[in-house]
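Listed below are the residues making up each chain.
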Amino acid sequence: SALDILLPALPRRLQTEDFQKAMKYTNKIIYEEGNSVPQLAHIWQTITRHPSIFFFHRHHFVPHMVNSLNKLGLPPNSPQENRDLSLSLVELILKWEEIRGTHTDPRNTQISTPSSQKERKRLAVDSISPSTETSNEIATKKMKLDDGSSAPSETSTQECAKVMFTLDPGMVDTMANFLVRITLLIADSKPDTTQQKLGQRAVALFQRTIFKWKHICIQFMYFDRVITMCAEDNSAVKMTSNTAMGTSERKSKEKISKGKASGKGNNKGGSGKSSNKASSPKQTVSSTVPPTKIKDEAKPISGGLLIACLDLFIVLLHFPSQNSFLLDNAPKVMGVL
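Residues numbered from 1 in each chain as written. Predicted model: local features only at pLDDT ≥ 70, side-chain atom pairs only at ≥ 80, totals over all residues. Heavy atoms only, no water.

Re unusual backbone geometry
Among all residues except glycine, the phi angle is most often negative; among peptide bonds, the trans geometry is most common. The following threshold applies: Helix and strand definitions follow DSSP, with helices as H or I runs of at least four residues and strands as E runs of at least two, each counted in order from the N terminus. Accessibility here uses a 1.4 Å probe with only protein chains present; expressed as a share of the type maximum, an area under 20% marks a residue as buried, one over 50% as exposed, and anything in between as partly exposed.
Even without being a glycine, His 215 presents a positive backbone phi close to 60°. As for its placement among the helices and strands, His 215 is situated in the loop between helix H11 (193-212) and helix H12 (224-268). Of the residues examined, His 215 reaches a relative accessible area of 64% and is grouped as exposed.

Brief notes about the pattern of salt bridges
As a working rule, side chains carrying opposite charge can pair if their charged atoms are close by. Test applied: Any carboxyl oxygen of Asp or Glu that lies within 4 Å of a side-chain nitrogen of Lys or Arg is treated as forming a salt bridge with it.
Overall, the coordinates contain five salt bridges when judged by the stated rule. A salt bridge links Arg 201 to Glu 91; the nearest nitrogen and oxygen atoms lie 2.9 Å apart. Placement of the pair is Arg 201 in helix H11 and Glu 91 in helix H6 (residues 80-102), with a sequence separation of 110 residues. The class of Arg 201 is partly exposed, set by a relative accessible area of 23%. Connected via shared salt-bridge partners are Asp 84, Glu 91 and Arg 201.

Overview of the packing of helix H3 (residues 16-32) against helix H5 (residues 58-73)
Keep this limit in mind: Under this scheme, a helix contributes an axis fitted over its contacting stretch, all axes are lines through C-alpha atoms, and angles between N-to-C directions fall in the 0 to 180 degree range. Note on terminology: angles under 35 degrees are roughly parallel, angles over 145 are roughly antiparallel, angles of 65 to 115 are roughly perpendicular, and the others are oblique. Here a crossing is called left-handed whenever its near helix is offset anticlockwise from the far helix by less than a right angle, and right-handed whenever the offset is clockwise. By the convention used here, residues are in contact when the closest approach between their heavy atoms is within 4.5 Å. In this classification, the charged set is Asp, Glu, Lys and Arg, the nonpolar set is Ala, Val, Leu, Ile, Met, Phe, Trp, Tyr, Cys and Pro, and all remaining amino acids, among them Gly, are polar.
Running from N to C, H3 and H5 cross one another at 15°; their axes reach a closest spacing of 9 Å. As summarised for this structure, H3 and H5 are arranged roughly parallel, according to the angle between their axes. Between H3 and H5 the crossing geometry is left-handed. Facing H3, whose interface residues are Met 23, Lys 24, Thr 26, Asn 27, Ile 30 and Tyr 31, H5 presents His 60, Phe 61 and His 64. The residue makeup of the contact of H3 with H5, split by class, is four nonpolar, four polar and one charged.

Take a look at the structure:
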């Protein structure tokens, strides 16, 4: 698009202050148009296609990204493009964190080289007009620039804040729980090759998140529905097995009673046969009613949803020191297993 062609040229064509204003205006649009999902998706798609341009200004966008994850990916009628975009946002946040880890702390290094500082001093002194300022004022400004107590220190602090920005624990918890919810949501939908790829991608991002941050608070309430379905499935299996055993016992008793009745019918006549024929349909109808009711009420858990839960548990099992989720919820996890 035209925006994709324009964006790479902005850092080169705009001054630093103008480019920072453009970032602030973009942040303002996100804040004002946050309720419009199409508008929000358009902005996030643009940022995900040009991550390097927004890296030093990510402190404006990452909080909005984390807050918009649930809005993009979790609604039942959410299109597949929005769910894919929500996973792309998580991937972008993780990528930015990896890039931040490779940067050295700007507080321990000088952002401006000595040559650029000399050039800035020279330009500052040359720009002073002798007609408006005295020689004492010029000397005072030279001393301030030599001490480095003016603009360079402020620039160093700003660059440090940009490079060292990181997510707070609340943002990390929201992102991790979003990955859990979208993984279970995708697994519970209709089986599809594209949906399966999205689910695998969500599990991989969840693994990277658990590896990156320690002590993430994962809510077990998102697994409650799976536990309920597993309990209903187990109870339904027991009821069907009991009814099957009961029907087999009834059939064996019916055969025995029919044998006895047929023996009596040979001695007394055909009246016993007609009575047995009239009574047998009622017995078969009564024996077949309970299994049909059980089939209607039982809703077995889907295999994809169960596999998704196991994948998430395996990820948490690989990092026991990072997260105590499995130990804190061991009885409930055993209900799923």
